[in-house]
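If you want the building blocks of each chain, they are given just below.
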Amino acid sequence: MWTGVTAGKTDPLADAFNSSIGFDSRMYRQDIRGSIAHAHMLSAQGIIEPSEAERIVSGLTGILADIESGALPIDTSCEDIHMFVEQELTARIGDDGKKLHTARSRNDQVALDLRMYLRDESETIKSLLKDLCRTLIETASQHQETIMPGYTHLQRAQPVSFGHYMMAYVSMLLRDLDRLGDTVRRMNVSPIGACALAGTTYPVDRESEARELGFDSVGANSMDCVSDRDFCLEFMSTASILMMHLSRLSEELILWSSWEFHFIAFSDAYTTGSSIMPQKRNSDMAELIRGKTGRVYGDLMSLLTTLKGLPLAYNKDMQEDKECVFDACDTLVMCLKVLAPMIGSMKVFPDSMKKAAQKGFINATDLADYLVRKGLPFRDAYKISGRIVAHCIDADCVLEDLDLKTYQTFCPLIGEDVYAAIDLMNCMQKRTSQGGTSVGSVEEQIKQALELLKND
Ligand code: ARG
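Residues numbered from 1 in each chain as written. Predicted model: local features only at pLDDT ≥ 70, side-chain atom pairs only at ≥ 80, totals over all residues. Heavy atoms only, no water.

**Focus on the pattern of salt bridges**
Then, in step 1: If you walk through the whole model with that rule in mind, you get 25 salt bridges.
Then, in step 2: With its nearest N and O atoms 2.8 Å apart, the salt bridge here joins Lys-316 to Glu-79. Of the two residues, Lys-316 sits in the loop between helix H11 (284-307) and helix H12 (321-344) while Glu-79 sits in the loop between helix H4 (50-69) and helix H5 (81-93), which places them 237 residues apart along the sequence.
Then, in step 3: Of the residues examined, Glu-79 reaches a relative accessible area of 11% and is grouped as buried.
Then, in step 4: A salt bridge links Arg-290 to Glu-251, with the shortest nitrogen-to-oxygen separation between them at 2.4 Å. Here Arg-290 is found in helix H11, whereas its partner Glu-251 is found in helix H10 (residues 230-256), with 39 residues between them in sequence.
Then, in step 5: Residues joined by salt bridges that share partners form a network here, namely Glu-79, Asp-80, Arg-106 and Lys-316. (Salt bridge = Lys/Arg side-chain N within 4 Å of Asp/Glu carboxyl O. Helix = DSSP H or I, 4+ residues; strand = E, 2+ residues; numbered from the N terminus. Buried < 20%, exposed > 50% of the residue type's maximum accessible area, 1.4 Å probe, protein only.)

Next comes the structure, spelled out in structure tokens:
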């Protein structure tokens, strides 16, 4: 279709190398939708006849229906999806089909299609992300009084509720949701009408074409319109951060499902066995989510590297954008789809969590705080609490086991009320500060999160 000055035939290997239809055919809906809007604009501007536009639009509508129904297989001998649709249109309606590409280039066409494709995918991702948030919130509300150790440096640190823990991930995911919204906002600028690079001599109406396609505005500079792939990079950055969050969560779930922790168990639906060890329950799904995170980072790095040395405007290198972006989309969608029901169906073992919380002196800070309430400066209280912990380690017991007499050998200010002060549930419930782990604080976090989900 592009044989202009080039009369000779291209080598079949070169054709195969040059072709992108193997991966860009998935944009057929966006391509056809864009072409219909283009025909409307051409006719409204008097660039083609209304009757010609009508035949183009009905031809395109037929092609869309036939691709959807499977009646029209995509001809992979075409260079890309744009060529395929145009070729099929001309085969169906004759010469009118050849007018569609007036005041357009594949350079602005592909930029348009990809923006629309990613915009659509982002909607899917947003809704999956919200499903995941709701699942985590549901789990959180069931476990507001389930005590577990919170860790720093992977050392038991202070008691938190499992609900509080889950809500930490909701906070991360809500930022991802917001970031995706920002990404789409900047993505939603139309490049169509930039043509090859310099704009066009035809009296096009870029604004109306953009509006018909649901864009918020029109790209300001035609050269930028056809050479910009920031929207892909932003999308993949957002996807990478989101995957990093999913990966951290997966890592925790993997650890927690081990016998060493035994905090949770995945349902059989999300567990695999070993081909040799009959006792094994492997958390393959969570491991794969963790693993696939590297792949999405790779997609981002790949396109950043492809773009870094490119002069303006379009260069064929840019055809390499699509496989990275599609891979990032597909991977992310799969991970989100698997993770939500995996969390929704996992078993939580509050008793194991409690047992872990009872070891590790995670109430030592509370003992120090108790001494502060008795009038000691925090630094002195900290030292005394440390000495008591050291004593317990030597005696192989926990703070709750010491009798009052022993306590008083460390500090005469200690009274019977010390036991309430170091009680794990009390320790948790006293952390009523905003964002803290008490039931009331977590309740507030849940309320806020649900509000954000509703408004988005
Ligand atoms: N398949 C091409 C791509 O994905 C479409 C744009 C081709 N433009 C060109 N001037 N060869 O980037």
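**Overview of the site of the ligand**
Then, in step 1: Around the ligand, a shell composed of Ser-20, Asp-80, Arg-106, Asn-107, Val-110, Tyr-314, Gln-319 and Lys-322 is seen.
Then, in step 2: One of the side-chain N or O atoms of Lys-322 is found 2.6 Å from an oxygen atom in the ligand.
Then, in step 3: Considered on its own, the ligand offers 340 Å² of accessible surface; in the complex 86% of this is hidden by protein.
Then, in step 4: Residue contributions to the shell around the ligand peak at three residues, all from helix H6 (residues 106-142).
Then, in step 5: Tallied by class, the residues present in the shell around the ligand amount to two nonpolar, three polar and three charged. (Near = heavy atom within 4 Å. Polar contact = N/O pair within 3.5 Å; in protein donor to acceptor, adjacent residues only side chain to side chain. Areas by Shrake-Rupley, 256 points an atom, 1.4 Å probe, with all protein chains shown as cover. Nonpolar A, V, L, I, M, F, W, Y, C, P; charged D, E, K, R; others polar.)

**Quick notes on the packing of H6 against H10**
Then, in step 1: With their axes 11 Å apart at the nearest point, H6 and H10 run at an angle of 20° to one another. As the angle between them shows, H6 and H10 are arranged roughly parallel. H6 and H10 meet at a crossing whose hand is left-handed. Within the contact between the two elements, H6 uses Ala-111, Leu-114, Arg-115, Leu-118, Ser-122, Ile-125, Leu-129, Leu-132 and Leu-136 and H10 uses Phe-231, Cys-232, Phe-235, Leu-242, Leu-246 and Leu-249.
Then, in step 2: Looking at the contact of H6 with H10, its residues break down into 13 nonpolar, one polar and one charged. (Axes fitted to C-alpha atoms, helices over the stretch in contact; angles between N-to-C directions. Parallel < 35°, antiparallel > 145°, perpendicular 65-115°, else oblique. Left-handed = near helix turned anticlockwise from the far one by under 90°. Contact = heavy atoms within 4.5 Å.)

**With respect to empty space enclosed by the protein**
Then, in step 1: The tally for this structure, following the rule as stated, stands at one cavity of 30 Å³ or more.
Then, in step 2: Volume-wise, the largest cavity comes out at about 30 Å³.
Then, in step 3: Taken together, Ala-357, Gln-358, Phe-361, Ile-362, Asn-363, Val-398, Leu-399 and Glu-400 form the lining of the largest cavity.
Then, in step 4: The residue makeup of the lining of the largest cavity, split by class, is five nonpolar, two polar and one charged. (1 Å grid on protein atoms, 1.4 Å probe; cavity = no way out; pocket = protein on both sides within 12 Å on 5 of 7 lines; lining within 4 Å. Points joined across faces, edges and corners; volume = space filled by probe spheres on them.)

**A short note on the nonpolar core**
Then, in step 1: Within the largest apolar cluster, 97 residues are counted, with the highest numbers of intra-cluster contacts made by Leu-246, Leu-253, Trp-256 and Ile-264.
Then, in step 2: Beyond its immediate chain neighbours, meaning those up to four positions away, Trp-256 contacts Met-148, Phe-162, Tyr-165, Met-166, Phe-261, His-262, Phe-263 and Ile-264.
Then, in step 3: Within the second largest apolar cluster, 21 residues are counted, among which are Ala-368, Ile-384, Leu-402 and Val-418. (Core = buried A, V, L, I, M, F, W, Y, C linked by side-chain atoms within 4.5 Å.)

**Concerning unusual backbone geometry**
Keep in mind that most residues, glycine aside, have a negative phi and that most peptide bonds are trans.
Then, in step 1: In this structure, Ala-313 follows Leu-312 across a cis peptide bond, with omega equal to 0°.
Then, in step 2: Residue position: Ala-313 is located in the loop between H11 and H12.
Then, in step 3: Positive phi, normally seen in glycine, also occurs at His-262, with a value near 55°.
Then, in step 4: With respect to the helices, strands and loops of the structure, His-262 is situated in the loop between H10 and strand E5 (264-265).
Then, in step 5: Backbone geometry places Asp-396, a non-glycine residue, at a positive phi of 55°.
Then, in step 6: By the secondary structure assignment, Asp-396 is in the loop between helix H15 (378-395) and helix H16 (404-410).

**Details of H12**
Then, in step 1: The terminal C-alpha atoms of H12, which comprises 24 residues, lie 35 Å apart, in line with the 34 Å expected from a rise of 1.5 Å per residue.
Then, in step 2: Of all 24 residues in H12, 17 are buried; the element is thus mostly enclosed. (Expected span 1.5 Å × (residues − 1).)

**Brief notes about H4**
Then, in step 1: With 20 residues, H4 extends 28 Å from end C-alpha to end C-alpha; this agrees with the ideal 28 Å at 1.5 Å per step.
Then, in step 2: All buried positions along H4 are accounted for by Glu-52, Ala-53, Ile-56, Val-57, Gly-59, Leu-60, Ile-63 and Ile-67. All buried residues of H4 lie within an arc of 165° about the axis, which places them on one face of the element. Those residues of H4 that are exposed and aimed more than 90 degrees away from the buried face are Glu-54 and Ser-69. (Arc of directions from axis to C-beta.)

**Some points on the packing of H10 against H11**
Helix-helix packing: each pair is described by the crossing angle between the helix axes and the interaxial distance.
Then, in step 1: Here H10 crosses H11 at 160°, and the two axes come no closer than 8 Å. Relative to H11, the element H10 is oriented roughly antiparallel. With respect to the hand of their crossing, H10 and H11 are arranged in left-handed fashion.

**As for the packing of aromatic side chains**
Then, in step 1: Inspection of every chain in the model, using the stated rule, returns eight aromatic pairs.
Then, in step 2: Taking the centre distance of 5.7 Å and the plane angle of 65° together, the rings of Phe-162 and Trp-256 count as edge-to-face. One end of the pair, Phe-162, is in helix H7 (residues 162-187); the other, Trp-256, is in helix H10, with 94 residues separating them in the sequence.
Then, in step 3: Residue classification places Phe-162 among the buried positions, given a relative accessible area of 0%.
Then, in step 4: Ring geometry for Phe-378 against Tyr-382: centres 6.2 Å apart, planes inclined by 50°, an arrangement best described as tilted. Of this pair, Phe-378 and Tyr-382 both sit in helix H15, four residues apart, roughly one helical turn.
Then, in step 5: Judged by relative accessible area, which is 37%, Phe-378 ranks as partly exposed.
Then, in step 6: Aromatic rings pair up to connect Tyr-151, Phe-162, Tyr-165, Trp-256, Phe-261 and Phe-263 into one cluster. (Phe/Tyr/Trp six-rings, centres within 6.5 Å; stacked < 30°, edge-to-face > 60°.)

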